[in-house]
Amino acid sequence: MKILVTGGSGYIGSHTVHELLNAGHEVVVMDNLANSSEESLRRVAELTGKQAEFHQVDLLDPEGMKKLFRDTRPEAVIHFAGLKAVGESAEKPLWYYQTNVAGTLNLLYAMEEVDCKTIVFSSSATVYGEPEEMPLTEKINMDAQSCYGRTKEHIEDMLRDLGASDASWNIALLRYFNPVGAHESGRIGEDPAGIPNNLVPFIAQVAVGRREHLNVFGNDYPTVDGTGVRDYIHVVDLANGHLKALEYLASHGGLHTWNLGTGNGYSVLEVLHAFEKACGKELPYKIVDRRPGDVAVSYADPSSALADLGWSAERDIDTMVRDHWNWQKNNPNGYEA
Ligand code: NAD
Ligand code: UD1
């Protein structure tokens, strides 16, 4: 199948492009390179022996998007492109709504024009907000607590309305839990700009000597050791979930929503200790105040994805941190030479 991947040079995108090429798909990547570099795709080509076609286009350029679709005529889209930093979204809400929501609108118009009506969208577990019940099932109402999360809610709503208006659209909303890790080769991985917001990239930078210590945001949560619990998922398992969703959409129309998580929760200190084991050294940390907006516990009920897609995460927490460390130690400054 010919698949257009928006945001395909980014973290999850590049791993998904790798899996798509290996599975024999033809891949077109569009990205404005705001938070990635073409180096990731060069390395994907080196790993797979196959090349994705790259177009530097901005989601916010409606004519550029339409031209891209007219020129490339994909059969399906996987839509990763967008902005994802929770803190930044509170400071620049209009930029987040414009890029994520209006950018997706431009994408959907461009798809409609060439009758490309299959889309897999990167949503997030963040849409669940702070529900009491665990694990999180897809039935729980959305109640995002950040501007970033609300952009995901708006896009989901837009896609639901679109699907309801025209049954020829095939739509998958994938709600990711906490993606970590890297391809086992250590050639592609997560390369955050500036100070990492997320736990595992921060720990990796402590391990490689770029940061002095980890700040643990609170140890007074009602959890196993007082620190926050999350459902970490290996990025390659996550990437494979997209291939399964595409396969499903090829034979089932309509709109479908799936959690992509492992169903297991690990605390901050459990992740830190797993990383210490992987890198073979103790990593310094300090307990600091809770981070505003954090929930105590979040983990998925991934049973719908198993039942419908035959997908489940295969890689455990030790594999996740081993692969993340392998990427970080081989690329201490990310894709920068
Ligand atoms: P990423 O930043 O590595 O990838 C996003 C890509 O989109 C980047 O390559 C960036 O250059 C591109 N982009 C940004 N604005 C663009 C624009 N206007 N036009 C074209 N391209 C643009 O992020 P990621 O971690 O790979 O996340 C991919 C998707 O998954 C995002 O939509 C994100 O919200 C979602 N998601 C990520 C996580 C996570 O923890 N990484 C969790 C849940 C959901
Ligand atoms: C965060 C975002 C969420 C987004 C997700 C994936 C917030 C409030 N939530 O989720 O919207 O979908 O990333 O990008 O930002 N931690 C530390 N020290 C650190 C970093 C994190 O102790 O330096 C702790 C956190 O308190 C949390 C856990 O580690 O308990 C995981 O944090 P993180 O990786 O940022 O993911 P989420 O908070 O789940």
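Above this text sits the structure in question.
Residues numbered from 1 in each chain as written. Chains lettered and ligands numbered in written order. Predicted model: local features only at pLDDT ≥ 70, side-chain atom pairs only at ≥ 80, totals over all residues. Heavy atoms only, no water.

*Asks:* In this structure, what is going on with the packing of aromatic side chains? I would like to understand it.
*Replies:* What describes a pair of aromatic rings is the distance from one ring centre to the other and the angle between the planes of the rings. Within the structure shown, the criterion is met by four aromatic pairs. With a centroid separation of 5.1 Å and 85° between ring planes, the pair formed by Y248 and W258 is classed as edge-to-face. Residue Y248 is found in helix α8 (residues 235-251), and its partner W258 is found in strand β11 (residues 254-260); the two are separated by ten residues along the sequence. The same class applies to Y248 as to W258, namely buried. Ring centres of F275 and W325 lie 6.0 Å apart, and the angle between their planes is 75°; on these two criteria the pair is classed as edge-to-face. Residue F275 is located in helix α9 (residues 268-279), and its partner W325 is located in helix α11 (residues 317-330); the two are separated by 50 residues in the primary sequence. Considered together, F275 and W325 belong to a single accessibility category, that of buried residues. (Phe/Tyr/Trp six-rings, centres within 6.5 Å; stacked < 30°, edge-to-face > 60°. Helix = DSSP H or I, 4+ residues; strand = E, 2+ residues; numbered from the N terminus. Buried < 20%, exposed > 50% of the residue type's maximum accessible area, 1.4 Å probe, protein only.)

*Asks:* Just checking my understanding: could you explain the pattern of salt bridges for this structure?
*Replies:* Pairing of side chains with opposite charge becomes possible as their charged atoms draw close. Enumeration according to the criterion identifies 18 salt bridges in this entry. Among the ionic pairs, K67 bridges to D71, the shortest N-O distance being 2.6 Å. Residue K67 and its partner D71 are both found in helix α3 (residues 62-72); the two are separated by four residues, about one turn of the helix. According to the relative accessible area criterion, K67 is partly exposed, its value standing at 48%. For E190, the salt bridge goes to K84, with nearest N and O atoms at 3.8 Å. Of this pair, E190 sits in the loop between β7 (178-180) and α7 (199-207) while K84 is found in the loop between β4 (76-79) and α4 (86-91), placing the two residues 106 residues apart along the sequence. Linked through salt bridges whose partners overlap, the residues forming this network are E156, D157, R160 and R175. (Salt bridge = Lys/Arg side-chain N within 4 Å of Asp/Glu carboxyl O.)

*Asks:* Honestly, the site of ligand 1 in this entry has me stumped. Any pointers?
*Replies:* Taken together, the neighbourhood of ligand 1 is formed by 25 residues, with D31, N35, S36, K84 and Y148 sitting nearest. Here an oxygen atom of ligand 1 sits 2.7 Å away from a polar atom, N or O, in the side chain of S36. Within the backbone of L59, an N or O atom sits 3.0 Å from a nitrogen atom of ligand 1. When residues of the shell around ligand 1 are traced back to their parent elements, those giving at least two are α1 (11-22), β5 (118-124) and α6 (147-165). Residue classes in the shell around ligand 1 are distributed as eleven nonpolar, ten polar and four charged. (Near = heavy atom within 4 Å. Polar contact = N/O pair within 3.5 Å; in protein donor to acceptor, adjacent residues only side chain to side chain. Nonpolar A, V, L, I, M, F, W, Y, C, P; charged D, E, K, R; others polar.)

By themselves, these observations are geometric and do not establish any function.
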